[in-house]
Amino acid sequence: MANFITRALRSISGITYPKPWLVNLFGGNETSAGERVSPTNAPKVSAVYACVNLIADTIASVPFKVIRETDKGVEYTGGLLDTLVSVRPNENYNSFDFRKAMITQLMLRGNAYVLPVRTGSNLSALELIDTDLVTLDTTSGVLIYQIMLVNGVQMRVKPSQIIHLKAYTIDGINGVSPITFARETVGVSMAATKHLGSFYGRGATPKGILQIQGTIRDPDRVRQIGNQFDNRYNGNNAGGTAVLTEGAEYKPVASSMRESQFLETLKFTVEEICRIYKVPPHKVGHMDGAGYSNSIEAQNAQFTMDCIRPLVEQIEMEFTNKLLTGGRKFNLDMRALTRGDIMTQVQRNVSYWNIGAISANEIRKQDGLPPIEGGDEYSSPAHMSPQNDINNGK
């Protein structure tokens, strides 16, 4: 009975187990900073937007192919499935936009759902489903995905009939949004940014104090004197020489945002949000502490291995398990991430050529260059040749 109640609570939206659409309906969960945070408004924080956009763009820009591993190496099989994932999943968008939207949902909402659409027995399209339209039903003890379609019709599908990606999961079934864990940090950033805007918009402190000898009891007269001084020495007249009479004295007020710790707070929230998303801060423009001594190159490699690679593994595995059979599998070619790094590409090609792993023409083909005569021969270093060849003078 207890297990049934737990499964039922997990399947419905309520105060204890709210679904994303219910959280968004009330503007998000309120934080200690007084700001309401939800996956919908979290990208208003620049660090969240930058991290999510960076991860989504990276995954979307990697070639997505159907391959088969053979004794001769990797073969690209082509076909309809390959076209769907690499060119055009459906009539509405191309592969880049499809994957970017999929990863954006995953990074903000914790889940991403892709529904394979079939015409008869043939796969004809891949549709990205809004996470708010999907409910996981486990009340019967069997996992069922309930999808509310646009026309109001409810579709019930088995796990084998839908692709489900999870950003973070505790039970292996439900994905949890990173915003859930970073809610307080995002709320602090929102509050600090709002206060910073108010500081520059209305002025947190006066620019200066105009001290006049004697006592002025009329409030209107005090405001009049202040306005006259501002009109005379602000705007186009700023920087002019002030003339004060009757013992008046102007005392400027120095305002330091460092004393308020707002800039430090914003820097702290950027680093915390980057930590949640496993993104090196310099990748989102936060350069504090970045330098050659900290090896930005090593941090870039760390971003690929710690942030991108787990997502790539999950996508490849989920798409392969749900769509392919017969030894074929989906492949996101992470070698494309080094295309912009010429030095890394050159070092890799030279190393492979030196050991005879690739030929000169294979290297030229990668860069779109025509083959050259004798370029199909493979290097055979003497120190790597078989002993018999060395003894025979080969």
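**Things to note about the overall build of the protein chain**
Helix and strand content of the protein chain: 14 helices and 13 strands. Here the protein chain, with 394 residues, has 32% of them falling under the buried criterion. For the protein chain, contacts bridging at least 24 residues in sequence account for 58% of all contacts bridging at least 6. Total accessible area computed for the protein chain in this model is approximately 24100 Å², and 53% of it derives from carbon and sulfur atoms.

**Quick notes on the sheet that holds strand β13 (residues 328-332)**
Reading across the sheet, the 3 strands line up as β4-β3-β13 and stay open at both edges, with antiparallel pairing between neighbours. Both edges of this open sheet fall to β4 (73-76) and β13, since each of them pairs with a single strand only. Taken over all neighbouring pairs, the strand axes of this sheet differ in orientation by 50° on average, direction set aside.

**Some points on the confidence of the model for the protein chain**
The predicted structure's coordinates, where accompanied by low pLDDT, should not be read in detail. Of the residues in the protein chain, 73% reach a pLDDT of 70 or more, and the chain-wide mean stands at 80. Of all the helices and strands in the protein chain, helix α1 (residues 2-11) carries the lowest mean pLDDT, 47, while helix α5 (residues 95-109) carries the highest, 97. Confidence over residues 7-17 falls short of pLDDT 50; this stretch has 24 contacts with residues more than four positions distant or in other chains.

**Focus on the packing of aromatic side chains**
What the rule picks out here adds up to 6 aromatic pairs. Between Y113 and Y145, the aromatic rings sit 6.1 Å apart at their centres with planes inclined by 70°, giving edge-to-face as the arrangement. Of this pair, Y113 sits in strand β5 (residues 111-119) while Y145 sits in strand β8 (residues 144-148), and the two are 32 residues apart along the sequence. The residues Y113 and Y145 share a single accessibility class, namely buried.

**With respect to unusual backbone geometry**
Here K278, not a glycine, exhibits a phi torsion of approximately 60°, which is positive. Looking at the element boundaries, K278 is found in the loop between α10 (262-277) and α11 (296-323).

**Some points on a nonpolar patch on the surface**
A surface patch of nonpolar side chains, about 440 Å² in accessible area, is lined by Y168, I170, F181 and I276. With respect to the element layout, Y168 can be found in the loop between β10 (163-166) and α6 (178-181). Overall, the relative accessible area of 46% leaves Y168 in the partly exposed class.

**Notes on the nonpolar core**
Ranked by internal contacts, the top residues of the largest apolar core, which has 50 residues, are V48, I55, M102, Y277 and F319. Setting aside chain neighbours within four positions, we find V48 in contact with A42, P43, L108, I179, V186, I273 and Y277.

**Considering the packing of helix α3 (residues 46-61) against α5**
Where α3 meets α5, the axes come as close as 8 Å, and the angle between the chain directions of the two elements is 140°. Between α3 and α5, the interaxial angle falls into the category oblique. Classified by chirality, the crossing of α5 by α3 is right-handed. Of α5, the residues touching α3 (which contributes V48, V52, N53, I55, A56, D57, I59, A60 and S61) are F96, R99, K100, I103, T104, M107 and L108. Residues that form the contact of α3 with α5 fall into these classes: 10 nonpolar, 3 polar and 3 charged.

**Looking at the sheet that holds strand β9 (residues 154-157)**
Strand order in the open sheet made by the 3 strands is β7-β8-β9, with antiparallel pairing throughout. Edge positions in the open sheet fall to β7 (134-137) and β9, since each of these has one partner strand only. Within this sheet the neighbouring strands show an average axis-to-axis angle of 25°, counted without direction. Alignment of β7 against β8, held across 4 bridges, turns out to be antiparallel. Its bridge partner being in β8, T135 is matched across the sheet by Q146.

**Regarding α3**
Over its 16 residues, α3 extends 22 Å from the first C-alpha to the last, a length consistent with the 22 Å expected when each residue adds 1.5 Å. Within α3 the residues assigned to the buried category are A47, V48, C51, V52, L54, I55, A56, T58, I59 and A60.

**Considerations on the environment of L337**
Mapped onto the secondary structure, L337 falls in the loop between β13 and α12 (342-354). Along the sequence, L337 and I59 sit 278 residues apart, while their C-alpha atoms lie 9.5 Å from each other.

**Looking at α10**
Here α10 contains 16 residues, and its C-alpha end-to-end distance of 23 Å stays within 8% of the 22 Å for a straight helix at 1.5 Å per residue. Taken together, the buried positions of α10 are occupied by F262, L266, T269, V270, I273, C274 and Y277. The buried side chains of α10 occupy one side of the element, clustering within an arc of 135° when seen end-on.

**Remarks on the side chain of N349**
On the secondary structure map, N349 appears in helix α12. By relative accessible area, N349 is classed as buried at 8%. With residues up to four places along the chain from it excluded, the contact list for N349 reads I358, I363 and Q366.

Cut-offs and rules
Residues numbered from 1 in each chain as written. Predicted model: local features only at pLDDT ≥ 70, side-chain atom pairs only at ≥ 80, totals over all residues. Heavy atoms only, no water. Helix = DSSP H or I, 4+ residues; strand = E, 2+ residues; numbered from the N terminus. Buried < 20%, exposed > 50% of the residue type's maximum accessible area, 1.4 Å probe, protein only. Contact = heavy atoms within 4.5 Å. Areas by Shrake-Rupley, 256 points an atom, 1.4 Å probe, with all protein chains shown as cover. Pairing = 2+ DSSP bridges. Axes fitted to C-alpha atoms, helices over the stretch in contact; angles between N-to-C directions. pLDDT = per-residue confidence, 0-100. Phe/Tyr/Trp six-rings, centres within 6.5 Å; stacked < 30°, edge-to-face > 60°. Patch = residues over 30% accessible without salt bridge, like charges linked within 9 Å, V, L, I, M, F, W, Y side chains within 5 Å. Salt bridge = Lys/Arg side-chain N within 4 Å of Asp/Glu carboxyl O. Core = buried A, V, L, I, M, F, W, Y, C linked by side-chain atoms within 4.5 Å. Parallel < 35°, antiparallel > 145°, perpendicular 65-115°, else oblique. Left-handed = near helix turned anticlockwise from the far one by under 90°. Nonpolar A, V, L, I, M, F, W, Y, C, P; charged D, E, K, R; others polar. Expected span 1.5 Å × (residues − 1). Arc of directions from axis to C-beta.

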